[in-house]
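Given next are the chains, with one letter for each unit.
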There are 2 protein chains.
Amino acid sequence: MKVMLGVSQNTINRLPKYLRCLQELAEDGRTRVSSAGIAERLGLTSSQVRQDLSRFGSYGSQGYGYDVETLMRSIREILGIDRTHKVIVVGVGSIGRTLMKHLDFEGNNYELVAGFDTNPMLIGTQVHDTPIYSAEELNAFLAETQVDLCVLAVPQADAKRVALHLAKNGIPAIWNLTNVDLELDLFPVVVENVHFLDSLFSLTFQLEAMQSAMARTARRAQ
Amino acid sequence: MKVMLGVSQNTINRLPKYLRCLQELAEDGRTRVSSAGIAERLGLTSSQVRQDLSRFGSYGSQGYGYDVETLMRSIREILGIDRTHKVIVVGVGSIGRTLMKHLDFEGNNYELVAGFDTNPMLIGTQVHDTPIYSAEELNAFLAETQVDLCVLAVPQADAKRVALHLAKNGIPAIWNLTNVDLELDLFPVVVENVHFLDSLFSLTFQLEAMQSAMARTARRAQ
């Protein structure tokens with residue numbers, strides 16, 4: 001399901017970056033910031049920052065800028081992370097476990113309620129204080145607990161089948177870490193396909209480009 | 001260091017997506033594809049696909065489209081992943097270990113040569129067949145081995161100090177998973193700051209938007 005809001009995907013994608021920038025400013029003891037100040041930290045233009053934030057009703061005052069705490073609170077509200085979201089992890093391999101360890105540290109109101117796996121060694125144990133159940137217990141669990149979000153970290157071969165099962169059983173949001181693109185347009189479910197390697201490839205590209213440029217400069221200097 | 005190439009960051013960011021799309025097509029036994037076919041799978045327009053690929057000298061033939069294997073090979077060359085890159089992991093906690101496990105499976109010519117950590121329980125062991133050395137051995141290692149890329153996965157508090165140390169010791173590329181934005185503009189090093197949570201926040205935003213839209217529809221139907 002695609003969500004139409006009149007807000008571009010690029011703007012949505014920038015909101016977490018604004019939030020991170022504001023959190024850093026707050027940690028540094030800053031109470032206000034200009035659009036130019038935000039823009040510089042994020043490599044954007046001031047007008048882009050003003051435009052993005054005005055889409056959500058946040059206007060900085062001329063000569064004062066934005067109040068850091070207020071803007072941070074607004075963005076958390078817009079993103080929805082001021083409310084608690086119940087999260088399950090399906091597939092508790094190394095990726096699933098790593099996320100379970102790190103997610104609950106972030107203080108962003110994600111409440112890890114359960115993990116599910118098919119590995120008998122894991123079932124009945126706890127991973128970072130979260131109980132791990134058998135995959136067969138998933139339906140009964142979903143019938144009892146309103147889960148907001150599923151972290152999907154099963155093996156690639158199982159990704160589509162498990163995602164379809166989750167969608168059919170009323171999971172409204174899937175954070176898909178399987179590296180298999182999922183499309184579940186027939187269901188009322190939003191999906192975010194995460195591809196860790198994409199950013200490594202981008203980095204490799206930049207590395208090659210930098211090294212080519214340096215080699216050219218060196219040849220010219222000879 | 002910023003790499004200027006006359007190619008937009010957005011185009012660069014799309015290359016891994018094109019590659020993934022082509023790999024899926026190849027796995028399905030497809031030998032050719034049109035720009036429209038690629039565009040549909042990636043949610044882009046055909047003209048954007050043609051424009052992106054023409055920037056790198058790949059032109060599909062009218063009525064034939066692109067040869068999947070050829071285009072895949074070109075993109076791998078452009079990204080630089082047709083060559084082998086020597087990789088070290090600095091910080092072998094759960095994130096570092098998870099990546100060590102998954103990176104070498106991908107067949108993208110990343111050669112994991114060593115991990116470094118300060119934990120005495122890890123030093124001298126192997127993680128997924130890669131030896132783990134003491135952080136104190138890092139400089140000597142870099143003097144002997146030409147490392148192309150460092151996966152940085154140390155705790156947040158150490159991120160800036162360790163990154164600076166790596167840059168000073170000639171590491172040309174850092175894949176930064178610490179969730180702390182790094183700027184090392186004074187050094188000939190390219191950095192990719194990865195923020196896992198950004199995509200989770202985007203998903204949460206979409207979830208809230210979808211649920212609001214569904215609630216409105218339900219109210220209207222009453």
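Residues numbered from 1 in each chain as written. Chains lettered and ligands numbered in written order. Predicted model: local features only at pLDDT ≥ 70, side-chain atom pairs only at ≥ 80, totals over all residues. Heavy atoms only, no water.

Student: Which parts of the structure should I look at to understand the overall build of chain A?
Tutor: A count of helices and strands for chain A gives 8 helices and 9 strands. Its C-alpha atoms give chain A principal-axis dimensions of roughly 60 × 55 × 35 Å. Here chain A, with 222 residues, has 48% of them falling under the buried criterion. Of the contacts made within chain A by residues no fewer than 6 positions apart, 56% connect residues no fewer than 24 positions apart. A gap of 9 Å separates the mean positions of the 21 positive and 25 negative side-chain charges of chain A. (Helix = DSSP H or I, 4+ residues; strand = E, 2+ residues; numbered from the N terminus. Buried < 20%, exposed > 50% of the residue type's maximum accessible area, 1.4 Å probe, protein only. Contact = heavy atoms within 4.5 Å. Lys, Arg positive; Asp, Glu negative; His and termini not counted. Charge placed at Lys NZ, Arg CZ, Asp CG, Glu CD.)

Student: I tried to follow the sheet that holds strand S6 (residues 130-134) of chain B on my own but got confused; where do I start?
Tutor: Where strands meet in a sheet, backbone hydrogen bonds hold them as pairs that are either parallel or antiparallel. Residues and elements named next belong to chain B. Spatially, S5-S6-S4-S3-S7-S8-S9 is the arrangement adopted by the 7 strands of the open sheet, whose pairing is mixed. For this open sheet the edge positions go to strand S5 (126-127) and strand S9 (190-193), each flanked by a neighbour on one side alone. By the bridge criterion, 4 bridges tie strand S8 (residues 173-176) to S9 in an arrangement that is parallel. Within the sheet, the bridge partner assigned to Ile 174 lies in S9 and is Val 191. Against the sheet, helix H7 (residues 159-168) engages strand S3 (85-90), strand S7 (149-152) and S8, with an angle of about 170 degrees to S7. (Pairing = 2+ DSSP bridges. Axes fitted to C-alpha atoms, helices over the stretch in contact; angles between N-to-C directions.)

Student: Looking at this structure, how should I read the pattern of salt bridges?
Tutor: Counted under the stated rule, the structure contains 20 salt bridges over all chains. Among the ionic pairs, Asp198(A) bridges to Arg20(B), the shortest N-O distance being 2.6 Å. You can see Asp198(A) sitting in helix H8 (residues 196-221) and its partner Arg20(B) sitting in helix H1 (residues 9-27), one on each of two chains. On the basis of relative accessible area, Arg20(B) is assigned to the buried category, the value being 10%. Measuring nitrogen to oxygen at the nearest pair gives 3.4 Å for the salt bridge that ties Arg41(B) to Glu24(B). A residue pair is termed long-range when its members are at least 10 positions apart, and Arg41(B) in helix H2 (residues 35-42) and Glu24(B) in helix H1 qualify at 17 residues. The exposure class of Glu24(B) is partly exposed, given its relative accessible area of 25%. (Salt bridge = Lys/Arg side-chain N within 4 Å of Asp/Glu carboxyl O.)

Student: Quick question: what am I supposed to make of the packing of H8(A) against H1(B) here?
Tutor: Angle between the axes and distance between the axes: these two values describe a pair of packed helices. It is the contact of H8(A) with H1(B), at a shortest axis distance of 9 Å, that shows an interaxial angle of 125 degrees. With respect to H1(B), the axis of H8(A) lies oblique. Our pair here, H8(A) against H1(B), has a crossing hand that is right-handed. Between H8(A) and H1(B), the contacting residues are Asp198(A), Phe201(A), Ser202(A), Phe205(A) and Gln206(A) on the first element and Gln9(B), Ile12(B), Asn13(B), Pro16(B), Lys17(B), Leu19(B) and Arg20(B) on the second. By residue class, the composition of the contact of H8(A) with H1(B) is 5 nonpolar, 4 polar and 3 charged. (Parallel < 35°, antiparallel > 145°, perpendicular 65-115°, else oblique. Left-handed = near helix turned anticlockwise from the far one by under 90°. Nonpolar A, V, L, I, M, F, W, Y, C, P; charged D, E, K, R; others polar.)

Student: Can you walk me through the packing of helix H2 (residues 35-42) of chain A against helix H3 (residues 46-54) of chain A in this structure?
Tutor: Residues and elements named next belong to chain A. At a minimum axis distance of 8 Å, the contact between H2 and H3 shows a crossing angle of 110 degrees. The orientation of H2 with respect to H3, classified from their angle, is roughly perpendicular. Facing Ser 35, Ala 36, Ile 38 and Ala 39 of H2, the residues of H3 in contact are Ser 46, Val 49, Arg 50 and Leu 53. When the residues that make up the contact of H2 with H3 are grouped by side-chain class, the tally is 5 nonpolar, 2 polar and 1 charged.

Student: In this structure, what is going on with the interface of chain A and chain B? I would like to understand it.
Tutor: In many reports, interface size means the accessible area that the parts give up when they come together. With 61 residues of chain A at the contact, the number on the chain B side is 61 residues. Between chain A and chain B, the buried area comes to about 5500 Å², and carbon and sulfur atoms account for 66% of it. Here chain A and chain B share 25 residue pairs in polar contact (both at pLDDT 80 or more) between them. Sorting the residues of the side of chain A that touches chain B by element identifies helix H1 (9-27), helix H4 (68-79), helix H5 (94-103), strand S8 (173-176), strand S9 (190-193) and H8 of chain A as the ones contributing at least two each. Here the side of chain A that touches chain B is composed, by residue class, of 33 nonpolar, 15 polar and 13 charged. (Buried area = accessible area lost by both parts, 1.4 Å probe. Polar contact = N/O pair within 3.5 Å; in protein donor to acceptor, adjacent residues only side chain to side chain.)

Student: Can you help me understand the sheet that holds S8(A) in this one?
Tutor: The 7 strands are arranged S5-S6-S4-S3-S7-S8-S9 (chain A) in an open sheet whose pairing can be described as mixed. What marks the edges here is a single partner per strand, and that holds for strand S5 (126-127) and S9 of chain A. Sitting on the sheet, helix H8 (residues 196-221) of chain B is in contact with strand S3 (85-90), strand S4 (110-117), strand S7 (149-152), S8 and S9 of chain A, with an inclination near 165 degrees to S9(A).

Student: Explain the relation of the copies chain A and chain B to me, please; I cannot follow it from the model alone.
Tutor: A rotation about some axis, followed by a shift along it, carries one copy of the chain onto the other. For the pair chain A and chain B, the superposition axis carries a translation of 0.0 Å, the fit reaches an RMSD of 0.0 Å, and the rotation angle comes to 180 degrees. What the superposition gives is, in effect, a two-fold axis relating one chain to the other. Of every C-alpha in chain A, the one belonging to Thr98(A) sits nearest the axis of rotation, 3.6 Å from it. A share of 100% of interface residues in chain A that are also interface residues in chain B marks the association as one of identical surfaces. (Least-squares fit on C-alpha atoms with pLDDT ≥ 70 in both.)

Student: Just to check I follow, could you spell out the packing of aromatic side chains for this structure?
Tutor: Where two aromatic rings form a pair, the distance of their centres and the angle of their planes describe that pair. The tally for this structure, following the rule as stated, stands at 9 aromatic pairs over all chains. Relative to Phe141(B), the ring of Phe116(B) lies with its centre 5.4 Å away and its plane at 75 degrees, an arrangement referred to as edge-to-face. In this pair, Phe116(B) sits in strand S4 (residues 110-117) while Phe141(B) sits in helix H6 (residues 138-144), placing the two residues 25 residues apart along the sequence. Among the aromatic residues, those joined into a cluster by ring pairs are Phe116(A), Tyr133(A) and Phe141(A). (Phe/Tyr/Trp six-rings, centres within 6.5 Å; stacked < 30°, edge-to-face > 60°.)

Student: Whenever I open this one, the confidence of the model for chain A confuses me. Can you help?
Tutor: Detail in the predicted coordinates should be disregarded across regions flagged by low pLDDT. Considering every residue of chain A, the mean pLDDT works out to 88; 95% of them sit at 70 or more. Predicted complex metrics record ipTM = 0.86 and pTM = 0.84. (pLDDT = per-residue confidence, 0-100.)

Student: Would you mind going over the side chain of Thr178(B) with me for this structure?
Tutor: Residue and element names in this part refer to chain B. For Thr 178, the location among the structural elements is in the loop between S8 and S9. Reaching out from Thr 178, the side chain makes a polar contact with the backbone nitrogen of Val 180 at a distance of 3.2 Å. If we ignore the near neighbours within four places in the chain, the residues touching Thr 178 are Leu 152, Ala 153, Val 154, Gln 156 and Ala 159.

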